[in-house]
Amino acid sequence: MNFLELTQKRCSIRQYADKPVEAEKINYLLEAARMAPSAVNRQPWFFVLVQSEEKREQLQACYAREWFRQAPAYIIVCGDHQQSWKRPDGKDHMDIDAAIAAEHICLAAAEQGIGSCWVCNFDVERCKREFRLPEEVEPVVLIPFGYPANPDAFGQPKNRKPIEEITKRESF
């Protein structure tokens, strides 16, 4: 499959099969994240892999949605404000770098037949406490992942704006 086909396949999965994800596939996702580009190559990220029942319950308390509880595993994508590059006007690129790494995880998951979903609306302070994150490290995205309950979940038509509506040529 080419890259465009992969982007068309990737979607938010919110129903997971009761089947663990193999260690080699989890390592593949983490390696894909590690290879993500970052501003000035600072790589200001950490990835907290959550698989044990105890830690899964702690993370599920940070985002209390029933579908979220179904995932067999999670990756907490974190960014370190002390390591991230700041643009001359002060813009901190940590969020951008973490987002790129998170999407690398989601694309790699789709390529491997694993479902994933971005979760940004969660209790950040509780997550920091439960996973003992240092003060300068911020949890940016929670990524539940696992095999989709519905094998036909990938590749459904997406509702996207037409290219003409979102592309400006030469200037806005």
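Residues numbered from 1 in each chain as written. Predicted model: local features only at pLDDT ≥ 70, side-chain atom pairs only at ≥ 80, totals over all residues. Heavy atoms only, no water.

Examining the pattern of salt bridges
Right, so step 1: Counted by the stated rule, this structure contains 5 salt bridges.
Right, so step 2: In this structure, the salt-bridge partner of D89 is R87, at a minimum N-O distance of 3.0 Å.
Right, so step 3: Look at R87 and you get partly exposed, because its relative accessible area is 35%.
Right, so step 4: With a closest N to O distance of 3.4 Å, R126 and E130 form a salt bridge. Of this pair, R126 and E130 both sit in helix α6 (residues 124–130), 4 residues apart, which is roughly one turn of the helix.
Right, so step 5: Judged by its relative accessible area of 21%, E130 falls in the partly exposed class. (Salt bridge = Lys/Arg side-chain N within 4 Å of Asp/Glu carboxyl O. Buried < 20%, exposed > 50% of the residue type's maximum accessible area, 1.4 Å probe, protein only. Helix = DSSP H or I, 4+ residues; strand = E, 2+ residues; numbered from the N terminus.)

Focus: the sheet that holds strand β3 (residues 115–116)
Right, so step 1: A sheet is described by the order of its strands in space; here 4 strands give the open sequence β1-β2-β4-β3, paired in antiparallel fashion. With partners counted over all chains shown, the strands left at the sheet margins are β1 (45–50) and β3, one partner each.
Right, so step 2: In this structure, β1 lies alongside strand β2 (residues 73–80), joined through 6 bridges in antiparallel fashion. If you follow V48 over to β2, its bridge partner there is I76. (Pairing = 2+ DSSP bridges.)

Description of the nonpolar core
Right, so step 1: L59, F68, I76, C127 and L142 are the most contacted members of the largest nonpolar core, which totals 26 residues.
Right, so step 2: Every element with two or more residues in this core is listed here: α4 (66–69), β2, α5 (94–111) and β4 (137–146).
Right, so step 3: Looking at which element gives the most residues to this core, the answer is β2, with 3 residues.
Right, so step 4: Setting aside chain neighbours within four positions, we find L59 in contact with V50, F68, Y74, I76, C127, F131 and L142. (Core = buried A, V, L, I, M, F, W, Y, C linked by side-chain atoms within 4.5 Å. Contact = heavy atoms within 4.5 Å.)

Details of unusual backbone geometry
Most peptide bonds take the trans form, and the phi angle of most residues other than glycine is negative.
Right, so step 1: Even without glycine at this site, N41 takes up a positive phi of about 55 degrees.
Right, so step 2: With respect to the secondary-structure elements, N41 resides in the loop between α2 (23–34) and β1.
Right, so step 3: The phi torsion at E170 lies on the positive side, around 75 degrees, for a residue other than glycine.

Scope: geometric values only; no functional claims are made or implied.
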